[in-house]
Amino acid sequence: MEDKLKIPNHVGLIMDGNGRWATSKGLSRSEGHKAGYLNLEKLNKYIFKKGVNVLSIYALSTDNFKRPKQEINYIINLFLNNFFKEKDFYQKNNIKVVFSGRRNHFSEKVLKAMDDIVEQTKNNTSAIFNICFDYSSRNEIIDALEKIKEDNINNLDQETFNKYLYHDLPPIDLLIRTSGEQRLSDFMLWQVAYAEFYFPKTMFPDFDEKEFDLAILEYNKRNRKFGGIK
Ligand code: FPP
């Protein structure tokens, strides 16, 4: 039965609810982010195993930098101290890791770690893991327009515009935001133009493999028309 399910080519994941998950258990917000991170480490492997070709995650938004420095540094350190150690997994599994976002908030050490992973995995071809880190979709669009101006592009069309984004990725098919919030918060506005939206109430640290399977089942119930008739 299961193998008949359509698997979305590109999944977008807004990992929301780490803070509420922690507070409900009497833990600190940082402990919530740690639990969210550990969940992600398992979940992304499952998502790729299911056959998703591109996974984009919202790891840190540009607006998140309004939060206390300590919380932001904690999330950045999860990347440096935990995710960085995982880089061989992506290499072994032929997954290309890319980052989307501006680079001005990060220290040299963080930028070097990001560049190392990108360099190590750049020729991988079986899937793409796009980590949105200091990311704002509105800034991505502005940054694209600046480059388009520099290149004196005339007759701009959608395909060309897509190439000027941080990465020339296919459109998002399924957008998941956990924790029951139903908004995009400046995440991949161009890429979600025809995405199916799924808003489970589960807090991200509890959004496990079974929950992802439910998302796929829901996705399979949707009738995608792309503006046409079906
Ligand atoms: C939103 O929950 C979550 C974040 C701002 C950060 C999510 C980051 C991770 C799970 C790990 C980062 C991954 C890498 C690869 C470094 P929230 O804090 O807004 O939750 P709340 O709305 O319940 O307060």
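Residues numbered from 1 in each chain as written. Predicted model: local features only at pLDDT ≥ 70, side-chain atom pairs only at ≥ 80, totals over all residues. Heavy atoms only, no water.

Draft legend 1. Layout of the side chain of Asp186. Tracing the backbone through its elements, the reader meets Asp186 in the loop between strand E5 (174–177) and strand E6 (196–198). We note that Asp186 is buried and unpaired, the nearest opposite charge coming from Arg138 at a distance of 4.6 Å. Those residues within four positions of Asp186 in sequence are excluded, and the remaining contacts are Tyr58, Tyr135, Ser136, Ser137 and Arg138. (Helix = DSSP H or I, 4+ residues; strand = E, 2+ residues; numbered from the N terminus. Buried < 20%, exposed > 50% of the residue type's maximum accessible area, 1.4 Å probe, protein only. Lys, Arg positive; Asp, Glu negative; His and termini not counted. Salt bridge = Lys/Arg side-chain N within 4 Å of Asp/Glu carboxyl O. Contact = heavy atoms within 4.5 Å.)

Draft legend 2. Region of interest: the layout of surface pockets. The calculated volume of the largest pocket comes to roughly 710 Å³. As for the largest pocket, its lining consists of 32 residues, of which Met15, Asn18, Tyr58, Ala59 and Asn64 are closest to the centre. Looking at the lining of the largest pocket, the elements with two or more residues in it are helix H1 (18–24), helix H2 (29–49), strand E2 (54–61), helix H3 (69–82) and strand E4 (127–135). Within the lining of the largest pocket, the residues separate by chemical class into 15 nonpolar, ten polar and seven charged. Forming the boundary of the second largest pocket are 17 residues, of which Gln158, Asn162, Pro171, Trp190 and Gln191 lie nearest the centre. (1 Å grid on protein atoms, 1.4 Å probe; cavity = no way out; pocket = protein on both sides within 12 Å on 5 of 7 lines; lining within 4 Å. Points joined across faces, edges and corners; volume = space filled by probe spheres on them. Nonpolar A, V, L, I, M, F, W, Y, C, P; charged D, E, K, R; others polar.)

Draft legend 3. How the structure looks around the side chain of Arg224. Mapped onto the elements, Arg224 comes out in the segment after helix H8 (209–221). By relative accessible area, Arg224 is classed as buried at 11%. Among the polar contacts made by the side chain of Arg224, one reaches the side chain of Asp173 at a distance of 3.0 Å. Within polar-contact distance, the side chain of Arg224 engages the side chain of Tyr219 at 3.0 Å. Filtering out sequence-adjacent residues up to four positions away, Arg224 remains in contact with Ile172, Asp173, Tyr194, Ala195, Glu196, Tyr219 and Lys230. (Polar contact = N/O pair within 3.5 Å; in protein donor to acceptor, adjacent residues only side chain to side chain.)

Draft legend 4. Spatial organisation of the site of the ligand. As a structural note, the neighbourhood of the ligand is formed by 16 residues, with Met15, Gly19, Arg20, Arg29 and Arg67 the closest of them. Arg29 is positioned such that a nitrogen or oxygen atom in its side chain is 2.8 Å from an oxygen atom of the ligand. Placement of the ligand is best described as lying within the largest pocket. The set of elements that each furnish at least two residues to the shell around the ligand consists of H1, H2 and H3. The element that contributes the greatest number of residues to the shell around the ligand is H2, accounting for five residues. (Near = heavy atom within 4 Å. Sits in = over half its atoms within 2 Å of the grid points.)

Draft legend 5. Spatial organisation of the pattern of salt bridges. Overall, the coordinates contain 20 salt bridges when judged by the stated rule. Across the pair Glu119 and Lys122 runs a salt bridge, and its minimum N-O distance is 2.9 Å. On the accessibility criterion, Glu119 (49% relative accessible area) is partly exposed. Between Arg222 and Glu218 there is a salt bridge; the shortest N-O distance is 2.8 Å. In this structure, a network of salt bridges that share partners links the residues Asp173, Glu196, Glu218, Lys221, Arg222 and Arg224.

Draft legend 6. Highlighting the pairing of E5. Side chains of E5 alternate between two faces, with Leu174 and Ile176 and Leu175 and Arg177 buried alike. Relative to E5, strand E1 (residues 10–14) runs parallel, the two sharing four bridges. Within E5, the residue paired with Ile14 across the bridge is Arg177. Of the strand pairs in this sheet, E5 and E6 are connected by three bridges, and their pairing is parallel. Directly across from Ile176, in E6, lies its bridge partner Tyr198. (Pairing = 2+ DSSP bridges.)

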